[in-house]
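Understanding the architecture of this molecule
In case you want the letters, here they are:
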Amino acid sequence: MRSPRKPLSRDAVLVGVALAAATVTGLLAFVAPGPAENRRLTSLSGPSAMEHALPGVDLVFQTATSQKRVTDKVTRHSYDLMYGTFLAPLAHKSNLKMLEIGLGCAQSYGVGASVDLWRTLLPTVELWEAEFNEDCVKEQRAAGTLGDLNVLVGDQSDPDTLKRWIAESGGAFDVIIDDGGHKNFQIKASFDLLWPELKPGGFYFIEDLQVGRGAKATRRNPDIIISDIMQAWTEQLLVINLNQEQARKHPLPKGCAFVMCQLDACVVGKRPDGFERWSRPSRMAQVARDIGVPERLVQDLYLQD
Ligand SMILES: C[S@@+](CC[C@H](N)C(=O)[O-])C[C@H]1O[C@@H](n2cnc3c(N)ncnc32)[C@H](O)[C@@H]1O
């Protein structure tokens, strides 16, 4: 016969409750985004090197997810990586001027979610938003949701519109973000006219490059798939293509210092003034020696920058 159970002591009950709570919390951490998971650079094995090197990534994620409307930059995409790396350190920079193409008029989470992020992250930024959907802009203005936001209306693929945007805003941006229509011809048209408007030392972000790899997109404009262009520029930065075909088709933009890519997106950096050491002509003689060809063979390529 089993002996009757002894009543549990108060301490045993408390320990049991604490263990149960810890187990539930641990399980929740795997299924629901809690504070532990939000610190995304902390890996399961503990703090990562990246967490120390790039504290801005967590800052962007936390800032974006604490807004009333949360941009898909940090939900569907992981753009906290590039924005945390390049923009978070600019939080206290004065006279920062930024243009984003794409206010987010058809977004299920609300219009202007990225504006909320930028205004919180970069409180003194002079922010310009460019948007195709004029009715949406008018509605938002009437509803008072845009505040004193500078808005440019029109199609990012139309050169005349782009020239008007430059004239209205005064150009000379430190940061340009293309989060507009995401089609290759739209991104290309905007980049061609807006890259010269990026100040030396500035950043040009291009989001959602996977869209331009779709079957319809590639059929329509097989020669201007932006992902191919990013790869052509990267190749030219890394090595010299001596038959020059690639460089002629997709020449590096003037003053391009780097192309850095992540899932779905790239950022193109413009060389700061006076950084001739970073330029292609400065490398001409050395590169010719490195690859064992006469200097004149690489001159054509290097002199265009
Ligand atoms: C992905 S949403 C932008 C999301 C917003 N930046 C955010 O993070 O919440 C894309 C926006 O670009 C606009 N857009 C689409 N095609 C465009 C074009 N050709 N020119 C300018 N804006 C365009 C759309 O109307 C939409 O508002």
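Above this note sits the structure.
For the structure given in this document, a descriptive report is provided here.

**Describing the pairing of strand β3 (residues 97-101)**
The buried fraction of β3 amounts to four of the five residues, a majority that puts the element mostly inside the structure. Relative to strand β4 (residues 126-131), β3 runs parallel, the two being bridged by five bridges. Residue pairing for β4: lysine 97 is matched across the bridge by glutamate 126. With helix α6 (residues 113-121) bridging β3 and its parallel neighbour β4, the resulting β-α-β unit is right-handed.

**Here we look at the nonpolar core**
Among the nonpolar cores identified, the biggest contains 51 residues, and Met98, Ile176, Tyr204, Phe205 and Ile206 are the most heavily contacted of them. Residue contributions to this core peak at five residues, all from strand β7 (residues 198-206). If we skip the residues at most four places from it in the chain, methionine 98 touches Trp118, Val125, Leu127, Trp128, Phe173, Asp174 and Val175.

**Re the pairing of strand β9 (residues 265-270)**
Burial analysis of β9 places five of its six residues in the buried class, which makes it a mostly covered element. Here β7 runs beside β9; their pairing, made up of four bridges, is antiparallel. Bridging from a neighbouring strand, tyrosine 204 pairs with valine 268 of β9. Note: strand β8 (residues 256-262) against β9, six bridges, orientation antiparallel. Along β9, the bridge assignment pairs glutamine 262 with alanine 265. Between β8 and β9, which pair antiparallel one after the other, the connecting turn spans two residues, and aspartate 264 there sits at a positive phi close to 70°.

**A word on the site of the ligand**
Around the ligand, 22 residues are found, and the nearest of them are Gly102, Gly104, Ser114, Phe132 and Gly181. Elements supplying a minimum of two residues to the shell around the ligand: α6 and β4. Residue composition of the shell around the ligand, grouped by class: seven nonpolar, 11 polar and four charged.

**Overview of the sheet that holds β4**
If you walk across this open sheet you meet the seven strands as β5-β4-β3-β6-β7-β9-β8, and the pairing is mixed. The sheet terminates laterally at β5 (150-153) and β8, the two strands that pair on one side only. On average, adjacent strands in this sheet sit at an angle of 15° to one another, irrespective of strand direction. Against the sheet, α6 engages β3 and β4, with an angle of about 170° to β4. Docked against the sheet, helix α8 (residues 159-169) engages β3, β4 and β5, running at close to 160° with respect to β5.

The rules we used
- Residues numbered from 1 in each chain as written.
- Predicted model: local features only at pLDDT ≥ 70, side-chain atom pairs only at ≥ 80, totals over all residues.
- Buried ≥ 20, exposed ≤ 12 C-beta atoms within 10 Å, placed from the backbone.
- Helix = DSSP H or I, 4+ residues; strand = E, 2+ residues; numbered from the N terminus.
- Pairing = 2+ DSSP bridges.
- Right-handed = clockwise from strand over helix to strand, strands pointing away.
- Core = buried A, V, L, I, M, F, W, Y, C linked by C-beta atoms within 7 Å.
- Contact = placed C-beta atoms within 7 Å.
- Near = placed C-beta within 6 Å.
- Nonpolar A, V, L, I, M, F, W, Y, C, P; charged D, E, K, R; others polar.
- Axes fitted to C-alpha atoms, helices over the stretch in contact; angles between N-to-C directions.

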